[in-house]
Amino acid sequence: MNTGREIVQSKCGLLTTVAFQMKDQPATYALEGSVAITGALVQWIRDNFGLIGSSPEIETLAARWRTMRHLLRAGVLGIVCALLEAQCARRHRRD
């Protein structure tokens, strides 16, 4: 999540990172998820969509998606990006 020119220290496990910097301009910062957040996302998919019965099944699901990636890439990436952005926004509101 873009935090602009402000370095925000998360209280919820998100990492502060440089989002981008243009030539001589000041850096723009962001908060990003870590492996812990990814694990929470896997649990959320398990609990809310029923696509998997247990967290380790995400690997099997991902392998199937790799074989169909050309068909699903745009849709899956869109959903994952939206989920991650929502998660970051929710955590940022708590900070």
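One can find the structure itself at the top, above this paragraph.
I will try to describe carefully the structure that is included in this document. (Residues numbered from 1 in each chain as written. Predicted model: local features only at pLDDT ≥ 70, side-chain atom pairs only at ≥ 80, totals over all residues. Heavy atoms only, no water.)

With respect to the pattern of salt bridges
In this structure the tally under the stated criterion is one salt bridge. For Arg46, the salt bridge identified is with Asp47, shortest N-O distance 2.7 Å. Taking relative accessible area as the criterion, Asp47 reaches 54% and is therefore assigned exposed. (Salt bridge = Lys/Arg side-chain N within 4 Å of Asp/Glu carboxyl O. Buried < 20%, exposed > 50% of the residue type's maximum accessible area, 1.4 Å probe, protein only.)

What to know about the sheet that holds strand β2 (residues 15-20)
If you trace the three strands from one edge of the open sheet to the other, you get β1-β3-β2, paired in antiparallel fashion. The strands lining the two open edges of the sheet, one partner per strand, are β1 (2-4) and β2. Neighbouring strand axes in the sheet, compared pairwise and without regard to direction, differ in orientation by 35° on average. (Pairing = 2+ DSSP bridges. Helix = DSSP H or I, 4+ residues; strand = E, 2+ residues; numbered from the N terminus. Axes fitted to C-alpha atoms, helices over the stretch in contact; angles between N-to-C directions.)

Describing the environment of Tyr29
Tracing the backbone through its elements, the reader meets Tyr29 in strand β3 (residues 28-32). Sequence separation between Tyr29 and Ile7 is 22 residues, and the spatial gap between their C-alpha atoms is 6.2 Å. With residues up to four places along the chain from it excluded, the contact list for Tyr29 reads Met1, Asn2, Thr3, Gly4, Arg5, Glu6, Ile7, Thr17, Val18 and Ala19. (Contact = heavy atoms within 4.5 Å.)

Points about the environment of Glu32
Residue placement: Glu32 occurs in strand β3. Counting along the chain gives 53 residues from Glu32 to Glu85, while the straight-line C-alpha distance between them is 9.0 Å. If we ignore the near neighbours within four places in the chain, the residues touching Glu32 are Leu14, Leu15 and Thr17.

A few points about a nonpolar patch on the surface
A surface patch of nonpolar side chains, about 310 Å² in accessible area, is lined by Trp44, Phe49 and Leu51. Judged by relative accessible area, which is 34%, Trp44 ranks as partly exposed. (Patch = residues over 30% accessible without salt bridge, like charges linked within 9 Å, V, L, I, M, F, W, Y side chains within 5 Å. Areas by Shrake-Rupley, 256 points an atom, 1.4 Å probe, with all protein chains shown as cover.)

A look at the packing of aromatic side chains
Under the definition given, this model contains one aromatic pair. Geometrically, the ring pair formed by Trp44 and Phe49 is edge-to-face, given 5.2 Å between the ring centres and 80° between the ring planes. (Phe/Tyr/Trp six-rings, centres within 6.5 Å; stacked < 30°, edge-to-face > 60°.)

Comments concerning unusual backbone geometry
For Lys23, which is not glycine, the phi torsion reads 35° and is therefore positive. With respect to the secondary-structure elements, Lys23 resides in the loop between β2 and β3.

Looking at the side chain of Thr3
Along the chain, Thr3 turns up in strand β1. For Thr3, a relative accessible area of 14% gives the class buried. Polar contacts involving the side chain of Thr3 include one to the main-chain carbonyl oxygen of Glu6, which spans 2.9 Å. (Polar contact = N/O pair within 3.5 Å; in protein donor to acceptor, adjacent residues only side chain to side chain.)

A closer look at the pairing of β3
Consecutive side chains along a regular strand alternate between the two faces of the sheet. Here β3 lies mainly inside the structure; four of its five residues are buried. Judged from the two bridges that link them, β1 and β3 form a sheet pairing that is antiparallel. Bridge pairing in β3 places Gly4 opposite Tyr29.

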